[in-house]
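Listed below are the residues making up each chain.
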Amino acid sequence: MAADSCSWFPALAVGVSLLKCFFISAYRSTDFEVHRNWLAITHSLPVSRWYYENTSEWTLDYPPLFAWFELGLSQVARRFDANMLQVENLNYASPATVLFQRLSVIVTDVVFIYAARECCRCVREPKGSRDVLSRPSFVLAVLLLWNFGLLVVDHIHFQYNGFLFGFLLLSVAKHLQSQHLQGALLFAFLLNLKHIYLYVAPAYGVYLLRSYCFAQDNKDGSVRWSSFSPLRLLALGAIVTSVCALSFGPFIAMGQLPQVLSRLFPFKRGLCHAYWAPNIWALYNVLDKSLAVLGIRLKLLEEAELPRASMTGGLVQEFEHSVLPSVTPTVTLVCTLLSILPAVASIWLRPHGAQGFLRCLLLCALGCFMFGWHVHEKAILIAILPLSILAVESREDAGIFLILTTTGHYSLFPLLFTPAELPIKVALMLMFTIFSFTALRKLHSSQGSLLHPLEVIYLLGLVAVAIACEVVFPLSPWQQRLPFLPLLVTSVYCAVGVCYAFLRLYASLLLRREEKPKQL
């Protein structure tokens, strides 16, 4: 990263931090109460009761390291308003409580800011470039720090994703800098903070085994088995074991591990989250519903005999599909493993260094997002943020990034459903999208167009979807009869773009040219 970044990087970081402060009094979701309740649980109850407490429906369901994090926050929270730390004070939201929780997200984002800076150090800078928009590090800093998804999910909707993504991006940066043990340590901490990052664990495991534990390749690029280092494997094992012991140790000692795991993996929840993630199951659900309607009209099916399609009502309980086979957690697991298998096999057979690892990480994230059980729409950010690094260095990846970010970010619109937040989310989305298209087009101006004509037409279709769902539908009589329709249309339309980006990213990994084998 250029030396003059000491002027523009702090300005970007301070600017976005000030912007976040403007959202302190904005709409907040039930996740606000979730985290207030966790503050109360960890502060008011002994450790032995943390994963048994159920006064609130929002029980503690993150790994223990995040519970320790909440305990640390609670020590500061009591200086703002001690009443927020009482378990029985359900839905407590005094002005001091709101201020503390909002500020806690903003302050802990310092981890993300530091990680963004480290990622910027990993990209190649063109020589003699004076225009800041022609510098990959500057573009990357804006794409990360001012990411639309993080702004609306963390600082309006309310969560701590920036803090968590800081660990992920910092881990990726350490691998790009060949500091593999530090990268592994950071990822181990991340897994023990939030288990959704198991999505990308296969990429880490295979990459570290293949490219760190095996120190050399043969001339044809295959693994040199004699170069295996037991000491390196032991070092990695020690890191993972130590972090897990720090996180889970007290609960294992109390014999509570099964209870903790039952909270972390609640498979009784439905196939899809209430806000449909734009993945393959959104398309599957719509296909099932369409076939059921068609079957009834053609008198091939009896409506009374069909199972009630609760999914189209926005519910998340288990249910049966009407025509197509119902999907179980086992089916989603098999589909997920099959979807990421070529990616992890590729970095074993043709590692392509840390860049290959990053591509595999993205495909694992998207594969789990596409085929996983009860996937949250916010999980698309696990792919969008790391893809920013590749987008500033490759025209092909920049095109994939524009498709995935535009569709993935728009799929988050239903999270902010109040009229007051409509101008905010539209303005933030336009600001980020216009910058992304403008900056990446300028960055890769000498290499041709970033998008094909059909891709441009598809993305422009989002404008029509937005007008129909955000403006026309609320004024129509359908709002009372079909309240779930805008969410269905949004999820299905965006699912097409996410699927397409997934396939293009796979092609970019599998069709890459061979690199010279490593000799360490």
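Predicted model only: the values in this text are computed from it and were never measured.

Novice: Report on the overall build of the protein, specifying residues and quantitative values.
Specialist: A tally of helices and strands in the protein yields 21 helices and 0 strands. Taken against the 2.2 N^0.38 rule, which gives 24 Å for 520 residues, the C-alpha radius of gyration of the protein at 23 Å falls within 12% of a compact globule. In terms of its C-alpha atoms, the protein occupies a principal-axis envelope of roughly 65 × 60 × 45 Å. Across the 520 residues in the protein, those meeting the buried criterion constitute 55%. Once local pairs closer than 6 in sequence are excluded, the contacts in the protein between residues at least 24 apart make up 77%. Here the protein displays about 22,600 Å² of accessible surface, and carbon together with sulfur accounts for 67% of that area. In the protein, which carries 39 positive and 31 negative side-chain charges, the distance between the mean positions of the two groups comes to 8 Å.

Novice: Tell me what's going on with the state of the cysteines, and back it up with residues and numbers.
Specialist: Within this structure, the stated rule accounts for 0 disulfides. The thiol sulfur of Cys213 is not disulfide-bonded, and the nearest other cysteine sulfur, from Cys360, lies at 16 Å. For Cys213, a relative accessible area of 0% gives the class buried.

Novice: Give a description of the pattern of salt bridges that names residues and reports values.
Specialist: Throughout the structure, instances matching the rule amount to 10 salt bridges. Between Glu393 and Arg124 there is a salt bridge, and its shortest N-O distance comes to 4.0 Å. Taken as a pair, Glu393 in the loop between α16 (381-391) and α17 (395-410) and Arg124 in the loop between α5 (110-120) and α6 (136-145) lie far apart in primary sequence, 269 residues in all. Owing to a relative accessible area of 60%, Arg124 belongs among the exposed residues under this scheme.

Novice: Account for helix α18 (residues 422-443), naming residues and giving values.
Specialist: Along its 22 residues, α18 runs 31 Å from first to last C-alpha, staying within 8% of the 32 Å computed at 1.5 Å per residue. Along α18, the positions that sit buried rather than exposed are Lys425, Leu428, Met429, Phe432, Thr433, Phe435, Ser436, Ala439, Leu440 and Leu443. Projected down its long axis, α18 carries its buried residues within an arc of 165°, all on one side. Exposed residues on α18 whose side chains face more than 90 degrees from its buried face are Pro423, Ile434 and Arg441.

Novice: How would you sum up the side chain of Arg102? Please name residues and give values.
Specialist: By the element assignment, Arg102 lies in helix α4 (residues 95-108). One buried charged residue, Arg102, forms no salt bridge at all, with the nearest opposite charge on Glu421 at 7.4 Å. For Arg102, the side chain forms a polar contact with the main-chain oxygen of Ile156, separated by 3.1 Å. With residues up to four places along the chain from it excluded, the contact list for Arg102 reads Phe23, Ile24, Ala26, Tyr27, Arg28, Asp154, His155, Ile156 and Phe158.

Novice: Explain unusual backbone geometry residue by residue, including any values.
Specialist: Positive phi, close to 60°, is recorded for Asn91, a residue that is not glycine. Its location among the elements puts Asn91 in the loop between α3 (64-80) and α4. Take Asn91: its relative accessible area is 60%, and that puts it in the exposed class. Phi at Phe158 is positive, roughly 100°, even though this residue is not glycine. Positionally, Phe158 belongs in helix α7 (residues 148-158).

Novice: Tell me about the packing of aromatic side chains, and please be specific about residues and values.
Specialist: In total, this model carries 32 aromatic pairs according to the counting rule given. Ring-pair connections join several aromatic residues into one group, and the members of that group are Phe32, Trp38, Tyr62, Phe66, Phe69, Phe158, Tyr160, Phe163 and Phe167. One Lys or Arg, Arg232, reaches over the ring of Tyr212 and ends 4.6 Å from the middle of that ring.

Novice: Describe the environment of His157, naming the residues involved and giving the relevant values.
Specialist: Residue placement: His157 occurs in helix α7. Sequence spacing of His157 and Ala468 is 311 residues, and the spatial spacing of their C-alpha atoms is 23 Å. When sequence neighbours within four positions are dropped, the list of residues in contact with His157 reads Tyr27, Arg28, Ser29, Asp31, Val152, Lys378, Leu415 and Leu416.

Novice: Now, about the environment of Leu362: what can you tell me, with residues and values included?
Specialist: For Leu362, the location among the structural elements is in helix α15 (residues 353-371). Through-space distance from the C-alpha of Leu362 to that of Ile382 is 7.7 Å; in sequence the pair is 20 residues apart. When near neighbours in sequence (up to four residues on either side) are disregarded, Leu362 contacts Ala383, Pro386, Leu387, Leu390 and Leu505.

Novice: Go over a nonpolar patch on the surface, please, and point to the residues and values.
Specialist: A cluster of nonpolar residues, Val456, Leu460, Val463, Ile467, Val471, Val472 and Leu475, forms a patch on the protein surface that exposes about 650 Å² of accessible area. Examined against the element boundaries, Val471 turns out to sit in helix α19 (residues 453-472).

Novice: How would you summarise the packing of helix α14 (residues 329-349) against α15 if you had to cite specific residues and measurements?
Specialist: Close contact between α14 and α15 brings their axes to 9 Å; oriented N to C, the two are set at 170°. As far as their axial angle goes, α15 and α14 are roughly antiparallel. From α14, Thr332, Cys335, Thr336, Ser339, Ile340, Ala343, Val344 and Ile347 reach across to α15, where they touch Gly356, Phe357, Cys360, Leu363, Cys364, Gly367, Cys368 and Phe371. Of the residues contributing to the contact of α14 with α15, the split by class is 11 nonpolar, 5 polar and no charged.

Scoring rules and cut-offs
Residues numbered from 1 in each chain as written. Predicted model: local features only at pLDDT ≥ 70, side-chain atom pairs only at ≥ 80, totals over all residues. Heavy atoms only, no water. Helix = DSSP H or I, 4+ residues; strand = E, 2+ residues; numbered from the N terminus. Rg over C-alpha atoms; globule rule 2.2 N^0.38 Å. Buried < 20%, exposed > 50% of the residue type's maximum accessible area, 1.4 Å probe, protein only. Contact = heavy atoms within 4.5 Å. Areas by Shrake-Rupley, 256 points an atom, 1.4 Å probe, with all protein chains shown as cover. Lys, Arg positive; Asp, Glu negative; His and termini not counted. Charge placed at Lys NZ, Arg CZ, Asp CG, Glu CD. Disulfide = S-S within 2.5 Å. Salt bridge = Lys/Arg side-chain N within 4 Å of Asp/Glu carboxyl O. Expected span 1.5 Å × (residues − 1). Arc of directions from axis to C-beta. Polar contact = N/O pair within 3.5 Å; in protein donor to acceptor, adjacent residues only side chain to side chain. Phe/Tyr/Trp six-rings, centres within 6.5 Å; stacked < 30°, edge-to-face > 60°. Lys NZ or Arg CZ within 6 Å of the ring centre and 35° of its normal. Patch = residues over 30% accessible without salt bridge, like charges linked within 9 Å, V, L, I, M, F, W, Y side chains within 5 Å. Axes fitted to C-alpha atoms, helices over the stretch in contact; angles between N-to-C directions. Parallel < 35°, antiparallel > 145°, perpendicular 65-115°, else oblique. Nonpolar A, V, L, I, M, F, W, Y, C, P; charged D, E, K, R; others polar.

Spatial relationships are all this shows, so hold off on functional conclusions.
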